[in-house]
Amino acid sequence: MSAPDDVGYHARRHARWHVGEIVFWVLALASAFLFPSRYLVMTDIVRLGLFAMSIDLILGYAGIVSLGHAAFFGVGAYSAGLMALHGVVTEPLLALVLAGCAAMLLGFVTSFLVIRGVDLTRLMVTLGIAMLLEALAESFSGITGGTDGLQGIEMQPILGIFAFDMFGRTGFFYSLIVLFVLFLLARRIVHSPFGLSLRAIKNNPLRAAAIGIPVNRRLIAIYTVAAFYAGIAGALFTQTTALASLDVFAFERSADLLLVLIIGGTGYLYGGLIGAVVFRMLQEVFSTITPQYWQFWIGVVLVAIVMIGRARLHRWVLFLPNLLIAQVAGRKAAVAIPEGEGQ
Amino acid sequence: MFVADRKLAWSLLGAAAIGALALMPARAEETFKIGLIVPMTGGQASTGKQIDNAIKLYMKQHGDTVAGKKIEVILKDDGALPDKTKTAAQELIVNEKVNVIAGFGVTPAALAAAPLATQGKIPEVVMAAGTSIITEKSPYIVRTSFTLPQSSTIIGDWAVKNGIKKVATLTSDYAPGNDALAAFKEHFTAGGGEIVEEVKVPLANPDFAPFLQRMKDAKPDAVFVFVPAGQGGNFMKQYAERGLDKAGIKVIGPGDVMDDDLLNGMGDAALGAVTAHIYSAAHPSQANKDFVAAYKKEFNQRPGFMAVGGYDGINLIYEALKKTGGNADGDKLIEAMKGMKWESPRGPISIDPDTRDIVQNVYVRKVEKVDGELYNVEFETFKDVKDPGKTKK
């Protein structure tokens, strides 16, 4: 260790683009051409990935747990739906940003409640906020359409050029581009001094405060940003499916997110994206095999992942590739064991 | 700390492998494929299970080859969530190349699939959802279940004629519930009846108790109830707990609340409830006796009206395919389905050639004990009822 072992050095090294990341995005783009008949499912994965990335921002970087992230998803979804339905803002991209801002506003307001408590309190507060919004959406059925949801949403072409088609091609590319742009932004945020200060807060809030980090203000800021992300995910949902019904606020939606992060891991942004891919694929595979009992098998897999531990699973899965690399490249391929993610 | 990229690469490999497996399109075969999309999980699961059972039973009885084509049913669970329905329908049409999509447990699900049916020129056979407007959303939609106005108008007329003057209503707050309420109200008040209390309950996990108390205080002659299939048992339990049966307040309504698969568990509080509906397991025809016996033997439970919707739906698809001589073209199938008539377990039914909606008898029934079990015993029949939601226009 002759290199100067200071924080700045590590931070810069970490912030560099790695080969794996480039491969990831190339694969994501390639999937569009590899599976041209599966746009709707892939769009669903992209949405879920974005949504999971949003919670990763607060959970993985700032240590805020939430069971009510669907609140922001729902606000984004209904904002986008209402804007399209009543012709307020018909251009989808602008509507998307506005819907995200609506969710962001809610995030900012509720963040004051959330930062007050610690983990258990936060779970309850966030859960409560989501339930509150769901009940509101149900009782103001004149605006939201109640249980029937918003009916008759028709989306205008994006930027007036790209119309949404039946097979979800436009929707998929649109979602993927939005995801990528927001990912770049998130990447910038978490590698900035601001992001590093969040990590400090996550590790030890007291100490972070002692070295002069304004803990509460940082938490409010990241919570608000995460709400924006979730709102965008919700708006994408409405825009690509032309649907918005009460289930956008459903508890299952928030709970699914945590499952996604359990699969993918937290604190490196890709956890949510990879988790979303694996989670949806598991659902696809199991619900094709057994449409009645697929939830059981998902449960089994999740229990297995938690019991065995992701690290060990990785080692098993990577045993063969590692062996190959060792043979071919003639060097010992170290398997990456994730650290500090044992949730 | 700084090994995230490697881990990332490996995770990617794993994810890609699973992805490739799952996304591999199934190969197309020389078969006639039916994509069945119903809720098999969640709150509406009983609907999906009944339909699935009925279709399995029908195919067991009638074989799986029609006009030289092998029938294959692909079951998909949508959990009654419209976005899942839409994804499933799209996948079935594009990848599995299904010839017909069928099922649809709830109205939003049926509506979500409508544009896909239109664009794909694929018949959509609605076997459960009961809102009037559904068949107007695509020229490819055919319904074999029922519409809420069909039964609600009839019970409205019946109530007026049978000395019921004041009615409190309790309906689930979603499209079918609002359809039922509007249809009932129109016919009941036109006949001189009075609605003394109007309550809408949330669809998801309703607690009826506070509403029932209000109903009891309003002292109506009867309470008009619509809750979707599956919630009737819970309603009747709370109805009895609050003592509405002892206060002499009758239950009337479309027959969903007295669904056959739950009826026997409701207890004596249900006795005397009068509902108008399209199917009763006690319907006194040979076709129905055979159907009930076969269904009971196979699945060890009584079929409800959802099962009949599925049974008739698959029959419609079989017969249409026979009529086209095995031609699976969507337009030809729809043409063949229009005007088709047959004897269902529920009685004689037909498909209205103009609206593609079902025309059927509506029966007024009363809950009675037959051989120690509760049944809806039919005592009045209204023949060939079209959907009043459309004939009005």
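Analysis parameters
- Residues numbered from 1 in each chain as written.
- Chains lettered and ligands numbered in written order.
- Predicted model: local features only at pLDDT ≥ 70, side-chain atom pairs only at ≥ 80, totals over all residues.
- Helix = DSSP H or I, 4+ residues; strand = E, 2+ residues; numbered from the N terminus.
- Rg over C-alpha atoms; globule rule 2.2 N^0.38 Å.
- Buried ≥ 20, exposed ≤ 12 C-beta atoms within 10 Å, placed from the backbone.
- Pairing = 2+ DSSP bridges.
- Core = buried A, V, L, I, M, F, W, Y, C linked by C-beta atoms within 7 Å.
- Contact = placed C-beta atoms within 7 Å.
- Domains from an automatic or database assignment.
- Axes fitted to C-alpha atoms, helices over the stretch in contact; angles between N-to-C directions.
- Parallel < 35°, antiparallel > 145°, perpendicular 65-115°, else oblique.
- Expected span 1.5 Å × (residues − 1).
- Right-handed = clockwise from strand over helix to strand, strands pointing away.

Participant: Which parts of the structure should I look at to understand the overall build of chain A?
Facilitator: Helix and strand content of chain A: 16 helices and zero strands. Here the C-alpha atoms of chain A give a radius of gyration of 21 Å, agreeing with the 20 Å that 2.2 N^0.38 yields for 343 residues. With respect to the three principal axes, the spread of C-alpha positions in chain A is 65 × 50 × 40 Å. Counting all 343 residues of chain A, 46% fall into the buried class.

Participant: It is not clear to me how the sheet that holds strand β1 (residues 31-38) of chain B should be interpreted in this structure. Could you clarify?
Facilitator: In sheet architecture, strand pairing relies on hydrogen bonds along the backbone and comes in two forms, parallel and antiparallel. All names here are of chain B. Across the sheet, which stays open at both edges, the six strands sit in the order β2-β3-β1-β4-β5-β6 with mixed pairing between neighbours. Either end of the sheet is taken by a strand with one partner, and the two such strands are β2 (65-66) and β6 (141-143). Relative to strand β5 (residues 124-126), strand β4 (residues 100-103) runs parallel, the two being bridged by three bridges. Residue G103 lies in a different strand from β5, and its bridge partner there is V126.

Participant: It is not clear to me how the nonpolar core should be interpreted in this structure. Could you clarify?
Facilitator: Generally speaking, nonpolar side chains in soluble globular proteins are found buried as a group. One finds A103, I222, A226 and Y229 of chain A together with I101, A113 and V223 of chain B to be the most contacted residues of the largest nonpolar core, which totals 210 residues. Excluding its chain neighbours within four sequence positions, the residues that come into contact with A226 of chain A are S54, I55, L57, I58 and G107 of chain A.

Participant: In this structure, what is going on with the domain arrangement of chain A? I would like to understand it.
Facilitator: How big an interface is tends to be expressed through the accessible area that disappears when the partners come together. Under the domain assignment, chain A is made up of domain 1 (20-295) and domain 2 (309-343). Each of domain 1 of chain A and domain 2 of chain A has a C-alpha centre, and the two are 31 Å apart.

Participant: Can you walk me through the packing of helix α4 (residues 70-85) of chain A against helix α6 (residues 119-139) of chain A in this structure?
Facilitator: Two numbers describe a pair of packed helices, the interaxial angle and the distance between the axes. Residue and element names in this part refer to chain A. One can describe the packing of α4 onto α6 by two numbers: an axis separation of 8 Å at closest approach and a directional angle of 30 degrees. Judged by the angle between their axes, α4 and α6 are roughly parallel. Residues A70, A71, G74, V75 and Y78 of α4 lie in contact with α6, whose contacting residues are I129, A130, L133 and A137.

Participant: How should the environment of V94 of chain B be read in this particular structure?
Facilitator: Among the structural elements, V94 of chain B can be located in helix α3 (residues 82-94). Apart from residues no more than four positions distant in its own chain, V94 of chain B is found in contact with S37 and F167 of chain A.

Participant: In this structure, what is going on with helix α5 (residues 148-161) of chain B? I would like to understand it.
Facilitator: Each turn of an α-helix holds 3.6 residues, which means side chains three or four residues apart point in the same direction. Over its 14 residues, α5 of chain B runs 20 Å from end to end, which matches the ideal 20 Å to within 8%, given 1.5 Å per residue. Considered for burial, the residues of α5 of chain B that qualify are L148, P149, Q150, S151, S152, T153, I154, I155, G156, W158 and A159 of chain B.

Participant: Help me understand unusual backbone geometry, please; the structure alone is not making it clear to me.
Facilitator: If a residue is not glycine, its phi is most likely negative; likewise, a peptide bond is most likely trans. All names here are of chain B. Phi at K97 is positive, roughly 55 degrees, even though this residue is not glycine. As for its position among the elements, K97 is in the loop between α3 and β4. Although it is not a glycine, N300 sits at a positive phi angle of roughly 60 degrees. Positionally, N300 belongs in the loop between α10 (286-299) and α11 (305-323).

Participant: What should I look at first to understand the environment of K237 of chain B in this one?
Facilitator: Mapped onto the secondary structure, K237 of chain B falls in helix α8 (residues 232-241). Overall, the presence of 16 C-beta atoms within 10 Å leaves K237 of chain B in the partly exposed class.

Participant: Explain the pairing of strand β10 (residues 250-254) of chain B to me, please; I cannot follow it from the model alone.
Facilitator: Regular strands place side chains that alternate from one sheet face to the opposite one. Residues and elements named next belong to chain B. Burial within β10 is extensive, with four of its five residues counted as buried. Across three bridges, the pairing between strand β9 (residues 222-226) and β10 is parallel. Residue pairing for β10: F224 is matched across the bridge by I252. Chirality of the crossover, the property in question, places the unit of β9, α8 and β10 among those that are right-handed. Strand direction decides the pairing type here: β10 and strand β11 (residues 274-277), joined by three bridges, are parallel. When the sheet's bridge partners are listed, P254 is paired in β11 with A276.

Participant: Please explain helix α8 (residues 169-191) of chain A as it appears in this structure.
Facilitator: Residue and element names in this part refer to chain A. Here α8 is 23 residues long and its end C-alpha atoms lie 33 Å apart, about the 33 Å a rise of 1.5 Å per residue gives. Among all positions in α8, only T170, G171, F172, Y174, S175, L176, V178, L179, F183, A186 and V190 are buried. Lining the buried residues of α8 we find α2 (19-34), α3 (39-61), α5 (92-114), α9 (193-203) and α11 (215-241).

Participant: Would you mind going over the pairing of β1 of chain B with me for this structure?
Facilitator: All names here are of chain B. β1 sits mainly inside the fold: seven of its eight residues count as buried. The pairing of β1 with strand β3 (residues 69-77) spans eight bridges and is parallel. Note on β3: the bridge partner recorded for L36 is L75. Strand direction decides the pairing type here: β1 and β4, joined by four bridges, are parallel. Residue pairing in the sheet places I37 in a bridge with G103 of β4.

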